[in-house]
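The lines below spell out each chain.
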Amino acid sequence: MAHKILFCATVDYHFKAFHLPYMQWFQKQGWEVHVAAAGNINLPYTNQQYRIAIQRSPFHRSNLAAYKQLKEIIDQNHYTMIHCHTPFGGVLARLAARETRKQGTRVLYTAHGFHFCKGAPVANWLFYYPIEKYLSRYTDALILINQEDYELAKKHKFHATSIEHVHGVGVDTEKYKPIDKQKKRELRKSLGYQADDFLLFYAAEFNKNKNQQLLVHAMALVQEQVPNARLLLAGEGPLFEHCQQLASELGVVDRIDFLGFRKDIDQLLPMCDVGVASSLREGLPVNIMETMACGLPVVAVDNRGHRELIDHNKSGWLLSSPHALDFANQLIDVSKMAETELMFGKYAREKIESLYTVDRILMEKRKVYEKYMEEWRGMRWAVH
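Residues numbered from 1 in each chain as written. Predicted model: local features only at pLDDT ≥ 70, side-chain atom pairs only at ≥ 80, totals over all residues. Heavy atoms only, no water.

**Here's the deal with the overall build of the protein**
In plain terms, the rule: Numbering goes from the N terminus for both helices and strands, where a helix is a DSSP run of H or I of at least four residues and a strand is a run of E of at least two. All radius of gyration figures rest on C-alpha atoms, and the globule criterion is 2.2 Å times the number of residues raised to 0.38. Relative accessibility under 20% of the residue-type maximum defines a buried residue, over 50% an exposed one, and the middle range a partly exposed one, all with a 1.4 Å probe and only protein chains included. Residue contacts follow a heavy-atom distance rule, with two residues in contact if any of their heavy atoms lie within 4.5 Å. Areas reported as accessible are Shrake-Rupley estimates using a 1.4 Å probe. Residue values count occlusion only from the protein chains shown.
Secondary structure assignment for the protein yields 16 helices and 13 strands. For the protein, the C-alpha radius of gyration of 22 Å lies close to 21 Å, the compact-globule estimate for 384 residues. For the C-alpha atoms alone, the extent of the protein along its principal axes is close to 75 × 40 × 40 Å. The buried share of the protein, reckoned over its 384 residues, is 55%. Contacts in the protein between residues at least 24 apart in sequence constitute 69% of all its contacts with a sequence separation of at least 6. Per element, the accessible surface of the protein, about 18,000 Å² overall, is 51% carbon and sulfur.

**Focus: the confidence of the model for the protein**
Basically, it comes down to this: As a per-residue measure, pLDDT tells how confident the predictor is, with possible values from 0 to 100.
Of all residues in the protein, 96% attain a pLDDT of 70 or more, and the chain-wide mean is 93. For residues 380-384, every residue scores under 50 in pLDDT, and the model assigns this stretch zero contacts once sequence neighbours within four places are set aside.

**Comments concerning the environment of L200**
Looking at the secondary structure, you find L200 in strand β8 (residues 198-203). When the C-alpha positions of L200 and P285 are compared, they lie 17 Å apart, and in sequence the two are 85 residues distant. Among all residues touching L200, those that are not within four sequence positions of it are M219, R230, L231, L232, V274, V276 and L331.

**Some remarks on the sheet that holds β8**
The criterion, for reference: Two strands are said to pair when DSSP picks up at least two bridges between them. Working convention: axes come from line fits to C-alpha atoms, limited for helices to the stretch in contact. Angles between N-to-C directions cover 0 to 180 degrees.
Taken in spatial order, the six strands line up as β10-β9-β8-β11-β12-β13 in an open sheet, and their pairing is parallel. Because the sheet does not close on itself, it has two edges, and the strands there are β10 (256-260) and β13 (316-319). On average, adjacent strands in this sheet sit at an angle of 20° to one another, irrespective of strand direction. The sheet contact formed by strand β9 (residues 229-234) and β10 spans four bridges and is parallel. Counted as the bridge partner of L233 is F258 from β10.

**Brief notes about the nonpolar core**
Put simply, the rule is: The definition of a nonpolar core used throughout is a set of buried Ala, Val, Leu, Ile, Met, Phe, Trp, Tyr and Cys residues joined through side-chain atoms within 4.5 Å.
Counting residues in hydrophobic clusters, the biggest one holds 68 residues, and the most contacted among them are F201, I256, V276, V299 and F327. Setting aside anything within four residues of it in sequence, one finds F201 in contact with L232, A234, L259, I265, L268, L269, C272, V274, G275 and V276. Y67, C84, A93 and L152 belong to the second largest nonpolar core, which has 35 residues in total.

**Some thoughts on the packing of helix α3 (residues 62-77) against helix α4 (residues 87-96)**
Using the following cut-off: Orientation categories follow fixed angle ranges, with anything under 35 degrees roughly parallel, anything over 145 roughly antiparallel, 65 to 115 roughly perpendicular, and all other angles oblique. Helix crossings fall into two classes, left-handed where the near helix is turned counterclockwise from the far one by less than a right angle and right-handed where it is turned clockwise. Gly is put with the polar residues, along with every residue not named as nonpolar or charged; the nonpolar set is Ala, Val, Leu, Ile, Met, Phe, Trp, Tyr, Cys and Pro, and the charged set is Asp, Glu, Lys and Arg.
Close contact between α3 and α4 brings their axes to 9 Å; oriented N to C, the two are set at 50°. By the angle between their axes, α3 is oblique relative to α4. Crossing of α3 against α4: the hand is right-handed. Counting all contacts with α3, which are made through N63, A66, Y67, L70, K71 and I74, the residues of α4 involved are F88, L92, A93, L95 and A96. In terms of residue class, the contact of α3 with α4 is built from nine nonpolar, one polar and one charged.

**Comments concerning the pairing of β8**
Formally: If you view a crossover with the strands going away from you and the path from the first strand over the helix to the second runs clockwise, you call it right-handed.
The buried count for β8 comes to five of six residues, which makes it a mostly enclosed element. With six bridges joining them, β8 and β9 adopt parallel strand pairing. Bridging from a neighbouring strand, F198 pairs with A229 of β9. Taken together, β8, helix α9 (residues 212-222) and β9 form a β-α-β motif whose crossover is right-handed. In the sheet, β8 pairs with strand β11 (residues 274-277) via two bridges, with the strands oriented parallel. When the sheet's bridge partners are listed, F201 is paired in β11 with G275.

**Here's the deal with the pattern of salt bridges**
To keep it simple, the criterion reads: Here, a salt bridge means any side-chain nitrogen of Lys or Arg that lies within 4 Å of a carboxyl oxygen of Asp or Glu.
Here the structure, examined in full by the defined rule, presents 17 salt bridges. A salt bridge links R304 to D149; its shortest N-O distance comes to 2.6 Å. Remark: D149 occurs in helix α7 (residues 147-155) and R304 occurs in helix α13 (residues 304-309); sequence separation between them is 155 residues. Pair check on accessibility: R304 and D149 agree, each one buried. E350 is paired through a salt bridge with K346; the nearest N and O atoms lie 2.6 Å apart. Of this pair, E350 and K346 both sit in helix α15 (residues 344-355), four residues apart, which is roughly one turn of the helix. Judged by relative accessible area, which is 47%, K346 ranks as partly exposed. Salt bridges sharing common partners tie together E148, D302 and R307.

**With respect to the state of the cysteines**
Filter applied, for reference: Here, two cysteine sulfur atoms that lie within 2.5 Å of each other are counted as a disulfide.
Across all of its chains, the model carries zero disulfides by this definition. Its sulfur unpaired, C8 is 6.5 Å from the next cysteine sulfur, which belongs to C84.

**Re the sheet that holds strand β1 (residues 4-11)**
The strands making up a sheet associate through hydrogen bonds between their backbones, and the pairing can be parallel or antiparallel. Taken together, the seven strands give an open sheet; going across it, the order is β3-β2-β1-β4-β5-β6-β7, and neighbouring strands pair in parallel fashion. Because the sheet does not close on itself, it has two edges, and the strands there are β3 (48-51) and β7 (162-165). Strand-to-strand twist of the sheet, defined as the mean angle between neighbouring strand axes without regard to direction, takes the value 20°. Judged from the four bridges that link them, β1 and strand β4 (residues 81-85) form a sheet pairing that is parallel. Following the sheet pairing, L6 is matched in β4 by I82. Contacting β1, β2 (32-38), β3 and β4, α3 runs over the sheet at an angle of about 170° to β1.

Here's what the structure looks like:
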């Protein structure tokens, strides 16, 4: 009988965006891959897909039904391994797997950035910290994607059997890569931009944490000194229309392109000059890895995820506070740099290639997975 692994998260798009190479790897090992999440995407490398209405809000009443459904799925399938992701996907899966874990199922949880961290609101520490600390006792491997979270879990003695550090989910450096000047000019022309436009790019959900309002305000402050600056914002979300309205009020609506949801980020990024990032909190942001892989320097608000990726004054610039004036002044300085000074992008690409490729992350994750595979084989031989 084939081994089974269950991947669980709040929404199925999380797997489509970040985990397909690892699901494919399990199938190549002869395992059955099951997925439990909300959504209607038909995922590849999946033998069984359970659509469960998990909600992001911990107070949503439908999460009780989701928990019961998830527990039934786990109890019926006798999984060898469960790997859960996202805060509430991780909560429900670890609670639902308590009994089956006693029978040998190994439960792994990847925290894609703790909501409590240095500088986080006290409310985050009061709510999220005790939950994660308590649930760590039902976790065989707690996987952290940045050094700060890893050290925090170690320092606070989280109860997981093992605490691991993996460099995120990886980026496809064949898909996201720099292009030459001629190709850049052609792409810009095809999309209605000028060769000398100073193009800034950010792809993220429009929400309070991603803080696109900061970028809109910064554009209002740079427009006189950098009249050729254009900001490309890809993504959707609850604050999308608010940001559009703000751009109109500040008189920069013609300088900001609200692109909505895009599937061609790998085509848009390489034609730009600089990546920007305004988020207040990050674990290890894939959008920044993709930007750096395309050979773009990044101007970003300083937080643990940005800090781990961006080397200040080498691959980009980290701003100590999320103030529009500081952000605008940095963009003005970057716009004046000679091309030879923008070797930042080359350094950024090299860093991604050295630490954050999909192949390298697969090697790191394999070490974690294979430890439990070997453990199971040892248990099996002991029985026989």
